[in-house]
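Structure at a glance
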Amino acid sequence: MSLILSSRSGRMTASPTIAMNQRAGELKAQGLDIIDLTVGEPDFPTPRPIIDAAKRALDEGYTRYTAVPGLAELREAICAKLRRDCGLDYGKEDVVVSCGAKQALANAILALVDVGDEAIIPNPSWSSYAEMAKLAGGQPVFVPTERKDGYRLDPDRLEAAITARSKVLVLCSPSNPTGAVMSRADFEGLLPVLERHPGLFILSDEVYGRIDYSGKVLSPAAFSALAGRTAVIGGVSKSYAMTGFRLGWIAGPRELAMACAKIQGQTTTSAATVAQRAALAALGSDPRIVEDMVAAYARRRSLVLSRLSRLEALRVFPPEGAFYVFPEVSGLDAWKSAEEGRGSEAVARLFLDKALVATVPGSAFGDDRCLRISFAKDEASLEAAFDRIESVLGGH
C-alpha cells in the first residue's frame, strides 16, 4: 500500500535555516572546518544559577506533569517580568507556558485562524509564521518593508493588505532577520489603520525583546487601544541561552489563553516540569546575567558591521536588536549569475563551499537579495569568518 500524506503536510515547507545548519553539520562531520553562522542560538553556556536550579528541581522531585498552562509560580513570574520590562498588566490566568515560543505562536495561530483566513506578515520575516498560517488552513499575506526605510511597516501598505478575511497581524520586534525595532512613532503611525480594522488581532513576537541596542523596544500591548487585541509571545531561549530547555509563553486575552491551553492539552500537555523550574530561576536571576550577554552581542555587532563596511557590494541595515545582520548581496556576481529566484541561495552556497562559512539565504525570509548572518558567535570565529568571505570575494 502506498502512503498518502495529508494535503496539509504538502502545503508546508521545511525550515531553510535548519536545513543549512544540518548541511553545515554534515560538512563538519566530514572533517571540514565550518564556521556556522546560521541558527539563532546563543553560544554562551546556560548561566550556572539556572543549571543549578534545574538540578535542584530534579532532586526535589519536579519530574511529573504540571497543569497544562504551566506552574502557577512560573506564570506569576512571567506576569511580573512583563509588568517590569514592558509595563503590561496580566494575571496568571492570561498566561500559557509552552514548549518554546514557537509552540506558543503555533497554539495562538491555530486558535485564531480558520480555513481561508489571512495572516498579515511584514516581510522580511521568520519563515515559520507563514508555515504556521498554512498549517491552520490560512493564507499568509506578505507586506514588504525595505532596508532604506529601516524595515518599518508602512501604514498605507498595511491598509492595502487588509481584507475581509484578514484575521491576524504578526509583528516581531526586534526582528528576525533584520534586527529592526518598532519605535513608539512606528506604532503610533499604525494606530489609525488598526483602529479602522478592529477585527485584526495582533500577535507580537517579543522573544528578542531583551536583546536591544536601541533602547526603544516597546510592545503593542502597551497601547490602550491595542491591549485587548494583542497577545505577547516570549521565552527564555534567546535572552538566557536556554534554547534546549524549550520554554516559552503567550500572554493575552483570557479567552485566547484558554483556547491555547485547550489546543496544547490535546498535543503536548504541559512543558517539561524541570524546564519550567529552570525558567522560574532565570526570571528571578540577577539582571546582569542578561546584560553581560547583551553587551557581548553589542561588541560582536560592531565587529560585524565594521567588517561588512569593507565589502562595498554588501549593504546592510545596522540591527537595532536581536543578533543578526541581513546584508544585501544582490551586487555580487554569484547572485547576478544565479538562476532566477535563487540568487541568495547561490551566494550562501559560495560562502559555504569556498569560504566554509554557513549562512542562511534571504529567500528563506522573503527577500532573495539578502543573506542572514548570525553574530551569536565568539569574536574570533566572526573575524575568521569574514577573513574567509573577504578572501572569496576579493575584498569587494
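No experiment lies behind these values; they were computed from the predicted model shown.

Here we come to the packing of helix α14 (residues 343-355) against helix α15 (residues 379-393). At a minimum axis distance of 10 Å, the contact between α14 and α15 shows a crossing angle of 105 degrees. Between α14 and α15, the interaxial angle falls into the category roughly perpendicular. Residues Leu350, Phe351, Lys354 and Ala355 of α14 touch α15, and the partners they reach there are Arg388, Ile389, Val392 and Leu393. Residues of the contact of α14 with α15, tallied by class, amount to six nonpolar, no polar and two charged.

So, on to the pattern of salt bridges. In this structure the tally under the stated criterion is 29 salt bridges. Glu328 is the partner of Arg147 in a salt bridge, and the nearest nitrogen-oxygen pair spans 2.8 Å. In this pair, Arg147 is assigned in the loop between β4 (139-144) and α7 (155-161) and Glu328 in the loop between β9 (324-325) and α13 (333-337), connecting sequence segments 181 residues apart. Close ionic contact of Asp286 with Arg288 constitutes a salt bridge, the shortest N to O distance being 2.7 Å. Each of Arg307, Arg310, Glu383, Asp387 and Glu390 takes part in one network of salt bridges that share partners.

To describe a pair of aromatic rings, one takes the distance between the centres and the angle between the planes. Counted according to the given criterion, the structure contains nine aromatic pairs. Judged by centre distance (5.6 Å) and plane angle (85 degrees), the ring pair of Tyr208 and Phe323 falls under edge-to-face. Within this pair, whereas Tyr208 is found in the loop between β6 (201-205) and α9 (224-227), its partner Phe323 is found in the loop between α12 (288-309) and β9, the two being separated by 115 residues in sequence. The pair formed by Tyr208 and Phe323 is uniform in burial state, with each residue classed as buried. Of the aromatic side chains, those joined through ring pairs into one cluster are Phe44, Tyr208, Tyr297, Phe323 and Tyr324.

Let's shift gears to the nonpolar core. In terms of nonpolar packing, the biggest core is built from 100 residues, with Leu247 and Ile250 touching the most fellow members. In terms of residues, this core owes the most to one element, α12, which gives nine residues. Each residue touching Ile250, except ones within four places of it in the same chain, is listed here: Asp94, Val95, Val96, Ala104, Ala108, Ala231, Val232, Ile233, Leu256 and Cys260. Core analysis: the next-biggest nonpolar cluster, separate from the first, contains 20 residues, Ile120, Leu153, Ile162 and Phe223 among them.

The next point concerns the packing of α12 against α15. Contact geometry of α12 with α15 gives a least axis separation of 10 Å together with a crossing angle of 10 degrees. In terms of orientation, α12 and α15 fall into the roughly parallel class. Only Glu379, Leu382, Glu383, Phe386, Asp387 and Glu390 of α15 make contact with α12, whose side of the interface consists of Arg299, Arg300, Leu303, Val304, Arg307 and Leu308. When grouped by side-chain class, the residues that make up the contact of α12 with α15 number five nonpolar, no polar and seven charged.

Turning next to helix α11 (residues 273-283). Each turn of an α-helix holds 3.6 residues, which means side chains three or four residues apart point in the same direction. The element α11 is extensively covered by neighbouring structure, given that eight of its 11 residues are classed as buried. Buried positions along α11 lie against α3 (48-59), α4 (72-86), β2 (95-98) and β8 (248-251).

Attention now moves to the pairing of β6. Burial runs high along β6: five of the five residues are buried. What you see with β6 is no split at all: Phe201, Leu203 and Asp205 on one side and Ile202 and Ser204 on the other are buried throughout. Across five bridges, strand β5 (residues 166-172) lies against β6 in parallel orientation. Residue pairing across strands places Val168 opposite Phe201, the latter belonging to β6. Handedness of the crossover is the feature at issue here: the chain leaves β5, passes through helix α8 (residues 184-196), returns alongside β6, and the resulting connection is right-handed.

In space, the seven strands of this open sheet follow the order β2-β8-β7-β6-β5-β3-β4, with mixed pairing throughout. Edge positions in the open sheet fall to β2 and β4, since each of these has one partner strand only. Pairs of neighbouring strands in the sheet enclose a mean axial angle of 20 degrees, with direction left out of account. By the bridge criterion, six bridges tie strand β3 (residues 118-123) to β4 in an arrangement that is parallel.

Rules of the game
- Residues numbered from 1 in each chain as written.
- Predicted model: local features only at pLDDT ≥ 70, side-chain atom pairs only at ≥ 80, totals over all residues.
- Heavy atoms only, no water.
- Axes fitted to C-alpha atoms, helices over the stretch in contact; angles between N-to-C directions.
- Helix = DSSP H or I, 4+ residues; strand = E, 2+ residues; numbered from the N terminus.
- Parallel < 35°, antiparallel > 145°, perpendicular 65-115°, else oblique.
- Contact = heavy atoms within 4.5 Å.
- Nonpolar A, V, L, I, M, F, W, Y, C, P; charged D, E, K, R; others polar.
- Salt bridge = Lys/Arg side-chain N within 4 Å of Asp/Glu carboxyl O.
- Phe/Tyr/Trp six-rings, centres within 6.5 Å; stacked < 30°, edge-to-face > 60°.
- Buried < 20%, exposed > 50% of the residue type's maximum accessible area, 1.4 Å probe, protein only.
- Core = buried A, V, L, I, M, F, W, Y, C linked by side-chain atoms within 4.5 Å.
- Pairing = 2+ DSSP bridges.
- Right-handed = clockwise from strand over helix to strand, strands pointing away.

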